[in-house]
Amino acid sequence: QVFGGFVEWTYLDLGAFSFTNELWGRLGREVPGADPDPRVAALRWNDVALHGRGFVRWHEVDHPDLGKVELGGWKRFTTRTNPPDFLQETCVRNCLFTLEHAAMLPRLEIRAVSDLGDGRWRVVVANEGELPTIHAMARRHGTLPPDRLRVEGATLLAAIEERSGRDAEVVDVETARAELPEGIQGKRSRAFVLFVKGSPTRFVLESRVGGVASRRP
């Protein structure tokens, strides 16, 4: 964690899952059986992986103004940035990580809609992604708007949420939309009974992070 860092801001203030990927460094220290001294591990990695090309042995040279000086150490594209021969592999691995991260984002769906009669509709919503639509820090600081469930073609008057083994809970309805400030956790579903005036033509679930899902009766 970095105080004042961009990634911390996007996570804490914007409610976005963010990463800073360290693409290079720790030379030789991730190799099984690496020397406990990171300097020795790096030099050994240079000998094996780069055939010694990444490090210049310290040696004396004559400087026109300073006289004898020593030059040596790590070359460019070794310690902080990839050697060119390793760049393609690093880029591919990082790309695969970002694609995996994207695949874990919330994916909303309305699984079922049932007419219970007398203006009551049972609606089951779900998040098929691994990540929640509103994570804990966003809930704590109120940085994301609530997910919302609404009805098209009719007016939503009230809503309750079914809870397994417990009494149903009243859901706040603002401007004919059921407010879900807790969002939907990853790989979870929530079931609601909506009290509707009129004949619904579509049920819509909206989320800032999870997008929009809809279903006809």
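Since the structure is predicted, the reported quantities are computational estimates derived from the model, not experimental observations. (Residues numbered from 1 in each chain as written. Predicted model: local features only at pLDDT ≥ 70, side-chain atom pairs only at ≥ 80, totals over all residues. Heavy atoms only, no water.)

A. Fine view of the overall build of the chain. Secondary structure summary: the chain contains four helices and 10 strands in total. In summary, the chain has a C-alpha radius of gyration of 28 Å against a globular reference of 17 Å for 217 residues, an excess of more than 25%. Overall, the chain is about 95 × 35 × 30 Å in size when its C-alpha atoms are taken along their principal axes. Burial statistics for the chain: of 217 residues in total, 31% are counted as buried. Long-range pairs, those at least 24 residues apart, make up 60% of the contacts in the chain between residues at least 6 apart in sequence. (Helix = DSSP H or I, 4+ residues; strand = E, 2+ residues; numbered from the N terminus. Rg over C-alpha atoms; globule rule 2.2 N^0.38 Å. Buried < 20%, exposed > 50% of the residue type's maximum accessible area, 1.4 Å probe, protein only. Contact = heavy atoms within 4.5 Å.)

B. The packing of aromatic side chains, seen in detail. In total, this model carries eight aromatic pairs according to the counting rule given. Pairing Trp24 with Phe86 gives two aromatic rings, centres 5.9 Å apart and planes at 50 degrees, and the pair type is tilted. Of this pair, Trp24 sits in the loop between helix 1 (6-12) and helix 2 (38-49) while Phe86 is found in helix 3 (residues 84-103), placing the two residues 62 residues apart along the sequence. Classification of Trp24 by relative accessible area gives buried; the value is 17%. Look at Phe86 and you get partly exposed, because its relative accessible area is 22%. (Phe/Tyr/Trp six-rings, centres within 6.5 Å; stacked < 30°, edge-to-face > 60°.)

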